[in-house]
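# Summary of the model geometry
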Amino acid sequence: MIYFDKYSYFTKLKNTHPAEKFVFSVGSIIIASFSKSIVLSFCVFFTVSLLIVFFAKIKLTVYLKSLSVPLYFLVPSCIVLAFSSIKEHSIIMLPFLNLAISHKSLINSIFLLFKSLSIVSLLYFLILTTSLTEILNIFTKLKFPKLLIEIASLTYRFIFILLDCANNIYISQNSRCGYGTIKNSFKSLGYLITNLFSISLQKSNLIYNSLESRCYNGEFNFLQKKYLFSLKNILFIVIFDVILILGLIISRLKNIL
Amino acid sequence: MNCNNIIELKNISFQYPDEAFSLENISLQIKKGEKIVILGENGAGKSTLLLLLNGILKPQHGDLLFYDKKLNFSQKELFQLRKTVQLVFQDPEIQIFSGSVYEEVSFGPMNLSLPLDVVKNRVEKSLQTLDILHLKDKPVHLLSFGQKKLVCFASILAMQSEIVIFDEPTASLDQRHIDLVLNFMEYLSTNEKTIVITTHDIDFAYSFATKIVLIKDGKIIKTGSPQEIFFDNDILQKINIKKPLILEIFEKLNKGDIINNAPKNKEELFKIIEELL
């Protein structure tokens, strides 16, 4: 899961314009968050999942695995939400705890589950098809503060260096029985953390040297890859979002009626 | 006389703030088109010397002459120096800071404030020269060590600097990548770049260098042509360096005028052996 982002470099959609993917995902998230119907949210979740698996060609197992992460949080919280104090029309009753699941609360929690899933799937669409550097480029174009973007891009790179470093220290400790007993484990972990800290400091100095030697002037300027807009994709995004809005209006109208 | 020096170090001394290590009284001239190899044990001060050449470290004493003009270490002068002198670090992990190969290679040229299409040309040409154009959209953390090294070379090549400095370019690489590195050196030297290398590969140093610098405990012990250095048995012993295999074989074969007829590379040695047979 650590190398989760690698899928974005191998998907079928890697050469589509990142802005298209960004608009599709973020635009639909905004619209989908106004949904008040289970059917609509489920349809969004289902279509976007199809898009991810068949259009972006992300393996189904990979997608399901990545969905399982938010599900760990979603399912328990939805179960908790389904319970309320005992009323007359309850389906399941736990009298000794004075709790029950009513028809309304059950539907409510299922709705919440699918609404969250529809938004999560849209977010995954962006993450699984667009690399972080491209997403940050979009933020640059949207005139986000440069400092934040630079910090994010450096963090992205150095997370991997830090993990690599920590992993190497761990292996070297473990191969010398550093985690044999509980007492040793604590000691080794302490060494690992202090060592990691001093190595980070040292490396950051060295990296600064390497930046300096390439005429670093306080700003990270990169050449950005050129992408082409595709009319087909833009049309698709518009149609998808219009249908979504129509669905939203119809479901709301039905509620009123 | 020495008007073709690009960089000259004049009696330079440098000490790290924690006084852990110092370079003393370093004098070195780098002329256009030279291929300089710096030899010395681990911790002798090779890497520190390279950082001095790039203006990253500022010496406490002595002068750094850049095109015969004393460098005052102002931002403007340092920019000019770094435009001329590029440094490939030993560890690619510390040189690569961007998430994507394409961005990494474009970082240096972008800092030179060149027009965008010039930058694009340079990036693509240098990726092509190193035959890693297929890696351009790959994330850096999924590359192998050898590939990362090649990306570093590409990012330096894109700077099109006069002098290229390598800190142990062949360290911990496999044979295929070592060959690629050596080819790259040849490519640079045919393109009339000035090259400064630190290495522990004596055979390579002997056949490649036009000038060898021996360094020990922060001092330059001797500077000279490969022949001058490698026939000086006393100094080799002092600095714990072996003789290149080619020279050892040659010395065993011939007892005449060794210094002038010494073979430069394997092919020349084979020719001499064939003549003897």
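Rules used in this analysis
Residues numbered from 1 in each chain as written. Chains lettered and ligands numbered in written order. Predicted model: local features only at pLDDT ≥ 70, side-chain atom pairs only at ≥ 80, totals over all residues. Heavy atoms only, no water. Contact = heavy atoms within 4.5 Å. Buried area = accessible area lost by both parts, 1.4 Å probe. Salt bridge = Lys/Arg side-chain N within 4 Å of Asp/Glu carboxyl O. Polar contact = N/O pair within 3.5 Å; in protein donor to acceptor, adjacent residues only side chain to side chain. Helix = DSSP H or I, 4+ residues; strand = E, 2+ residues; numbered from the N terminus. Nonpolar A, V, L, I, M, F, W, Y, C, P; charged D, E, K, R; others polar. Core = buried A, V, L, I, M, F, W, Y, C linked by side-chain atoms within 4.5 Å. Buried < 20%, exposed > 50% of the residue type's maximum accessible area, 1.4 Å probe, protein only. Domains from an automatic or database assignment. Pairing = 2+ DSSP bridges. Axes fitted to C-alpha atoms, helices over the stretch in contact; angles between N-to-C directions.

## Observations regarding the interface of chain B and chain A
Many descriptions give the size of an interface as the accessible area lost when the pieces come together. Facing 40 residues of chain B, the contacting portion of chain A comprises 33 residues. Taken as a group, B:I94, B:F97 and B:H141 account for 22% of the area that chain B buries against chain A, more than any other trio of residues on that side. At the boundary of chain B with chain A, the tally comes to four salt bridges. We note a salt bridge from A:R157 to B:E93, for which the minimum N-O separation is 3.0 Å. The interface formed by chain B and chain A contains 10 residue pairs in polar contact (both at pLDDT 80 or more). Residue assignment for the side of chain B that touches chain A shows that the elements contributing at least two residues are α2 (75-84), β6 (85-88), α3 (92-95), α4 (101-111), α5 (116-129) and α6 (145-157) of chain B. Its residues placed into classes, the side of chain B that touches chain A shows 20 nonpolar, 11 polar and nine charged.

## A word on the nonpolar core
The tendency in soluble globular proteins is for nonpolar side chains to be buried as a group. One finds B:I7, B:L9, B:I38, B:L53, B:I163, B:I165 and B:V196 to be the most contacted residues of the largest nonpolar core, which totals 41 residues. For B:V196, the contacting residues outside a window of four places in its chain are B:I30, B:I36, B:I38, B:L50, B:L53, B:I163, B:V164, B:I165 and B:F166. Counting 35 residues, the second largest nonpolar core, distinct from the first, contains A:L223, B:V101, B:F184 and B:M185.

## So, the domain arrangement of chain A
Assigned domains of chain A: these are domain 1 (2-130 + 228-256) and domain 2 (145-213). A separation of 36 Å is found between the C-alpha centroids of domain 1 of chain A and domain 2 of chain A.

## Focus on the sheet that holds strand β8 (residues 194-198) of chain B
Residue and element names in this part refer to chain B. Taken in spatial order, the six strands make up an open sheet running β6-β7-β8-β3-β9-β10, and their pairing is mixed. Only two strands of the sheet have a single partner each, and these edge strands are β6 and β10 (219-224). The mean angle between the axes of side-by-side strands here comes to 15 degrees, regardless of whether they run parallel or antiparallel. Here four bridges tie strand β3 (residues 35-39) to β8, and the two strands are oriented parallel to one another. Following the sheet pairing, K35 is matched in β8 by I195. Along the sheet, α6 contacts β6 and β7 (163-167); its crossing angle with β6, the most-contacted strand, is approximately 175 degrees.

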